[in-house]
Amino acid sequence: MLRSNIIGTGSYLPAHTLSNHELSKLVDTNNDWIVERTGICSRHIATEETETTVFMGTKAAQNALEMAGLTADKLDLILVATFTPDYIMPNTACQIQAAIHATNAFCFDINAACSGFLYALQTADAYIRSGIYHSILVVGTETISRTIDWQDRSTCILFGDGAGAAILSASHTEKGFLGFLSGSDGSGGMALQLKNRPIKNPCRPTTKDLPDSFPYLSMNGQEVFQFAVRKIPEMVKSITGQNQLSPEDISHYLLHQANLRIIKSVAKRLSLPEERFPVNLSECGNTSAASIPILLDKCYRNSIIQLGSYILLSGFGGGLTWGSALLKL
């Protein structure tokens, strides 16, 4: 059976970190309050003009190509998951293609917020299983700091910048992705939102009264929390059952790094030890579509996940959206 398998991973995090103590000088908060509610101690923030969504995605892609032992000209497709592109057009995938000289790759972006990397993985898997493409680069890259109101305590403590990437290749072995599960519920989409520019043109009488700047990201934290702790266990039980497995058969769960309380709640609801849920939330914060691939790269490079085992990637995000992927190493 033809499957897609990960042959390389990479990541990139900006050098500058913003600690909870530093944040407390900007907004009414403190380290203990943030850690207790989120598990986050610091986050990486892009500070250089050149440290863009494309730049970070390019660095992660190059690291993944190096691990895979693959040259960029061998890539058939580049998928980029992001909701913070540097440009509305050209898309981020085309810009990364140019940066790494992947001259033979077809390119497009996917926006499903924090679920974006999982959506992109499922898309890549479908292309490979169909036989259309053989080697695919999937990137999650975000510069969320540009969307944040740094006086809004409910959001500025949560998010960070960064990028992660994975190379998928066709495999005829038992290794690789066994299945995906994803979904959307647009009726709950306003729980996590970032508006675009308003309609502003000479044909609209009120044009002069409209702002020039983009609005900030906003979130109903309690609604998102309740959605996540309900949806992730449902997905885990469903996707493992579809593959004649149980949640106990999964070696490690790589969840979207949004909030430590969510991860602990999921572990409790599945009656599984927290040791099966690797985290990097403390030092990275929520990096949206980059979250899972950054953690995945850490797990590969530090031998946290082992050959022959099952791992499950699962996340949720704006839309509302959700997704899971079951992988045999």
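Refer to the preceding data block for the structure.
These remarks concern the structure in this document.

Criteria and thresholds
- Residues numbered from 1 in each chain as written.
- Predicted model: local features only at pLDDT ≥ 70, side-chain atom pairs only at ≥ 80, totals over all residues.
- Heavy atoms only, no water.
- Axes fitted to C-alpha atoms, helices over the stretch in contact; angles between N-to-C directions.
- Helix = DSSP H or I, 4+ residues; strand = E, 2+ residues; numbered from the N terminus.
- Parallel < 35°, antiparallel > 145°, perpendicular 65-115°, else oblique.
- Left-handed = near helix turned anticlockwise from the far one by under 90°.
- Contact = heavy atoms within 4.5 Å.
- Buried < 20%, exposed > 50% of the residue type's maximum accessible area, 1.4 Å probe, protein only.
- Salt bridge = Lys/Arg side-chain N within 4 Å of Asp/Glu carboxyl O.
- Phe/Tyr/Trp six-rings, centres within 6.5 Å; stacked < 30°, edge-to-face > 60°.
- 1 Å grid on protein atoms, 1.4 Å probe; cavity = no way out; pocket = protein on both sides within 12 Å on 5 of 7 lines; lining within 4 Å.
- Points joined across faces, edges and corners; volume = space filled by probe spheres on them.
- Nonpolar A, V, L, I, M, F, W, Y, C, P; charged D, E, K, R; others polar.

1. Some words on the packing of helix H3 (residues 53-68) against helix H4 (residues 92-100)
Inference 1: Across the interface, H3 lies against H4 with an axial gap of 9 Å and an inter-helix angle of 55 degrees. The angle between the axes of H3 and H4 places the two elements in the oblique class. Judged by the sense of rotation from one axis to the other, the crossing of H3 with H4 is right-handed. Seen from H3, the contacting residues are Thr53, Val54, Gly57, Thr58, Ala61, Gln62 and Leu65; seen from H4, they are Thr92, Gln95, Ile96, Ala99 and Ile100.

2. Description of helix H10 (residues 291-301)
Each α-helix winds once per 3.6 residues, and so residues spaced three or four apart point in a common direction.
Inference 1: The element H10 is extensively covered by neighbouring structure, given that eight of its eleven residues are classed as buried.
Inference 2: Ser303 sits one or two residues past H10 and shows a positive phi near 55 degrees.

3. Considerations on the side chain of Thr53
Inference 1: With respect to the helices and strands, Thr53 occurs in helix H3.
Inference 2: The contact partners of Thr53, leaving out residues within four places of it in the chain, are Thr82, Thr84, Pro85, Asp86, Thr92, Thr141, Glu142, Thr143 and Arg146.

4. A closer look at the pattern of salt bridges
Inference 1: Tallying each qualifying case throughout the model produces eight salt bridges.
Inference 2: Across the pair Asp125 and Arg129 runs a salt bridge whose closest N-O atoms are separated by 2.9 Å. You can see Asp125 and its partner Arg129 sitting in helix H5 (residues 116-129), four residues apart, about one turn around the helix.
Inference 3: Ionic pairing is found between Arg301 and Asp297, a salt bridge with its closest N-O pair at 2.6 Å. With Arg301 and Asp297 both in helix H10 and four residues apart, this pair spans about one turn of that helix.

5. Details of the packing of aromatic side chains
Inference 1: As enumerated under the stated definition, the model contains eight aromatic pairs in all.
Inference 2: Here the aromatic rings of Phe106 and Phe108 are separated by 5.4 Å at their centres, their planes lie at 50 degrees, and the arrangement is tilted.
Inference 3: Relative accessible area serves as the criterion here: at 38%, Phe106 is assigned to the partly exposed category.
Inference 4: By relative accessible area, Phe108 is classed as partly exposed at 22%.
Inference 5: An aromatic cluster is present here, built from Phe106, Phe108, Tyr127 and Tyr133 joined pairwise through their rings.

6. Details of the layout of surface pockets
Inference 1: Roughly 760 Å³ of volume is contained in the largest pocket.
Inference 2: Contributing to the lining of the largest pocket are 27 residues, with Phe83, Thr84, Pro85, Leu194 and Asn196 lying nearest its centre.
Inference 3: Those elements giving two or more residues to the lining of the largest pocket turn out to be strand E5 (106-110) and strand E9 (192-193).
Inference 4: When its residues are assigned to classes, the lining of the largest pocket shows 14 nonpolar, nine polar and four charged.
Inference 5: When contributions to the lining of the second largest pocket are tallied by element, the ones reaching two or more residues are helix H2 (31-38), helix H6 (153-156), helix H7 (221-242), helix H8 (260-269) and strand E12 (310-317).
Inference 6: A per-class count over the lining of the second largest pocket returns twelve nonpolar, eight polar and three charged.

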